[in-house]
Amino acid sequence: MAPSNKKQRDRGVDADALTVVVCRGGDCGSRAKHPDVDHVGLLRQMRDRIGGSARVAPSKCLEACEHSNVVVVVPGARDGEQVWVGGVNDRELNTALSDFVRAGGPGVAMLPIELELQQFRASRRSRQELDVERSTTGRRG
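Presented here is an overview of the structure given in this document. (Residues numbered from 1 in each chain as written. Predicted model: local features only at pLDDT ≥ 70, side-chain atom pairs only at ≥ 80, totals over all residues. Heavy atoms only, no water.)

1. What to know about the overall build of the protein
Point 1. Scanning the protein from terminus to terminus reveals 5 helices and 5 strands.
Point 2. Each helix and strand of the protein, placed in order from N terminus to C terminus, yields the pattern α-β-α-β-β-β-α-α-β-α.
Point 3. For the protein, the residues scored as buried account for 38% of the 141 residues in total.
Point 4. Long-range pairs, those at least 24 residues apart, make up 67% of the contacts in the protein between residues at least 6 apart in sequence.
Point 5. Accessible surface for the protein amounts to roughly 8,500 Å². Of this, 48% is attributable to carbon and sulfur atoms. (Helix = DSSP H or I, 4+ residues; strand = E, 2+ residues; numbered from the N terminus. Buried < 20%, exposed > 50% of the residue type's maximum accessible area, 1.4 Å probe, protein only. Contact = heavy atoms within 4.5 Å. Areas by Shrake-Rupley, 256 points an atom, 1.4 Å probe, with all protein chains shown as cover.)

Here it is as structure tokens:
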């Protein structure tokens, strides 16, 4: 078993728990795009605040770079839709997101206004499809 799975099991995260996917690829986690953001510190803060309420899983890229830094709360076995939040670049928004997850997340807890303002719908199209569309229409992204 991978060390991170063992840590999660040791923290008491059950198989039906929420999953919080934190993008750290592409523009998310980029020091070039976000030089003043402590990406490692925010991830650590989230894991500490969430504790055993959810799994926290970094991702290489969620292909929503225009909203960086992106976090997705996946309800797991619970009712509710995924919540995609962009611009998670400071401790205050990170804290609001962590508190939302600890309160039960999608389908259970009310989404705080600061998260609602940053929420977006994920595109079903891949980055490659968007690049082709931009090149055929002459738009730059």
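That covers the picture; the talk isn't over yet.
2. Quick word on unusual backbone geometry
Glycine aside, residues mostly have negative phi angles, and peptide bonds mostly take the trans form.
Point 1. Cis geometry marks the peptide bond from Ser-68 to Asn-69, where omega comes out at 0°.
Point 2. Mapped onto the elements of the fold, Asn-69 is located in the loop between strand E2 (54-59) and strand E3 (71-74).
Point 3. The backbone phi angle of Glu-63 is positive, close to 55°, even though this residue is not glycine.
Point 4. Looking at where Glu-63 falls in the secondary structure, it is placed in the loop between E2 and E3.
Point 5. Given the relative accessible area of 34%, Glu-63 is considered partly exposed.

3. Notes on the pairing of strand E1 (residues 18-23)
Point 1. Of all 6 residues in E1, 6 are buried; the element is thus mostly enclosed.
Point 2. Burial along E1 is two-sided: Leu-18, Val-20 and Val-22 and Thr-19, Val-21 and Cys-23, pointing in opposite directions, are all buried.
Point 3. Pairing of E1 with E2, which is carried by 6 bridges, proceeds in the parallel orientation. When the sheet's bridge partners are listed, Cys-23 is paired in E2 with Ser-59.
Point 4. Bridge analysis of E1 against E3 gives 4 bridges, and the strand direction is antiparallel. The partner of Val-21 across the bridge, within E3, is Val-72. (Pairing = 2+ DSSP bridges.)

4. Comments concerning the environment of Val-37
Point 1. Take Val-37: it is sitting in the loop between E1 and helix H2 (39-50).
Point 2. Remark: the alpha-carbon pair of Val-37 and Asp-90, spanning 53 residues in sequence, is separated by 7.0 Å.

5. Observations concerning the side chain of Ser-59
Point 1. Residue position: Ser-59 is located in strand E2.
Point 2. The residues contacting Ser-59, other than those within four sequence positions of it, are Val-21, Val-22, Cys-23, Arg-24 and Gly-25.

6. Details of the nonpolar core
Point 1. Ranked by internal contacts, the top residues of the largest apolar core, which has 20 residues, are Val-20, Met-46, Leu-97 and Leu-115.
Point 2. Residue assignment for this core shows that the elements contributing at least two residues are E1, H2, E2, E3, strand E4 (83-85) and helix H3 (91-102).
Point 3. Considering every element that reaches this core, the biggest residue donor is H3, with 5 residues.
Point 4. When sequence neighbours within four positions are dropped, the list of residues in contact with Leu-97 reads Met-46, Val-71, Val-73, Val-85, Val-88 and Leu-115.
Point 5. Formed by 8 residues, the second largest nonpolar core is a distinct cluster that contains Val-21, Cys-23, Cys-28 and Ala-64. (Core = buried A, V, L, I, M, F, W, Y, C linked by side-chain atoms within 4.5 Å.)

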